[in-house]
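Overview (structure and organization)
So you can see what is in the structure, the chains are spelled out below.
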Amino acid sequence: MTWPRWPRFFTDLMRSKWLRLRLDVVATNACRRFHIDAVTSRLVCTYRGTGTRYGISTDGTDPSRVFTVPTGSPVVLRGTLWPENPKSGLLHRSPPIEGTGETRLLLVLDPVADPEHEPDHMFAH
């Protein structure tokens, strides 16, 4: 199996040399509420289980129409640290799986401007 090309595409798109990578096994309702992450941008890909849910809300309430990213498909989400012009209304959340027996395998990539200024808890020692 070869590594997908989209992590490189993401680093090129964000003009970032480094990425913070998180690989999680999730069996709960990890992110229960619709939200925008406190990052510049984030790439999320669910390899196993139900994909991330998303929708548009311009007034801060939950989206009236909710969509699901297909399993195995990456989605790039704008965060709150992205310049707010125009303001993003794209909210996302984890699918509600708690108690269903479903387990998700989730990859999260965030661009990192300078790894020297990242909190110590972000890196294994």
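See the structure shown above.
Described below are features of the structure shown in this document. (Residues numbered from 1 in each chain as written. Predicted model: local features only at pLDDT ≥ 70, side-chain atom pairs only at ≥ 80, totals over all residues. Heavy atoms only, no water.)

This part takes up the overall build of the chain. Scanning the chain from terminus to terminus reveals one helix and seven strands. Here the C-alpha atoms of the chain give a radius of gyration of 15 Å, agreeing with the 14 Å that 2.2 N^0.38 yields for 125 residues. Based on the C-alpha atoms only, the size of the chain along its principal axes is roughly 40 × 40 × 30 Å. Here the chain holds 125 residues, and 36% of them are scored as buried. Residue pairs in contact within the chain that sit at least 24 positions apart in sequence constitute 80% of those at least 6 positions apart. For the chain, the accessible surface area stands at approximately 8,400 Å², while carbon and sulfur atoms represent 54% of it. Positive and negative side-chain charges in the chain, numbering 16 and 13 respectively, have mean positions lying 6 Å apart. (Helix = DSSP H or I, 4+ residues; strand = E, 2+ residues; numbered from the N terminus. Rg over C-alpha atoms; globule rule 2.2 N^0.38 Å. Buried < 20%, exposed > 50% of the residue type's maximum accessible area, 1.4 Å probe, protein only. Contact = heavy atoms within 4.5 Å. Areas by Shrake-Rupley, 256 points an atom, 1.4 Å probe, with all protein chains shown as cover. Lys, Arg positive; Asp, Glu negative; His and termini not counted. Charge placed at Lys NZ, Arg CZ, Asp CG, Glu CD.)

On to the sheet that holds strand 4 (residues 67-68), then. Pairing is antiparallel across the open sheet formed by three strands, whose spatial order is 4-3-6. With one partner strand each, in any of the chains shown, strand 4 and strand 6 (90-93) form the two edges of the open sheet. Bridging between strand 3 (residues 53-56) and strand 6 involves four bridges; their strand directions are antiparallel. Paired with G55 across the two strands is L91, which belongs to strand 6. (Pairing = 2+ DSSP bridges.)

On the surface, F9, L13 and V76 cluster together to form a nonpolar patch covering roughly 290 Å² of accessible area. Here V76 shows up in strand 5 (residues 74-78). (Patch = residues over 30% accessible without salt bridge, like charges linked within 9 Å, V, L, I, M, F, W, Y side chains within 5 Å. Salt bridge = Lys/Arg side-chain N within 4 Å of Asp/Glu carboxyl O.)

Turning next to the side chain of T46. In this fold, T46 is placed in strand 2 (residues 41-48). T46 sits in the buried class, given a relative accessible area of 3%. In terms of polar contacts, T46 uses its side chain to reach the side chain of R104, at 3.0 Å. Not counting residues up to four positions away in its chain, the partners in contact with T46 are G51, T52, T71, G72, R104, L105 and L106. (Polar contact = N/O pair within 3.5 Å; in protein donor to acceptor, adjacent residues only side chain to side chain.)

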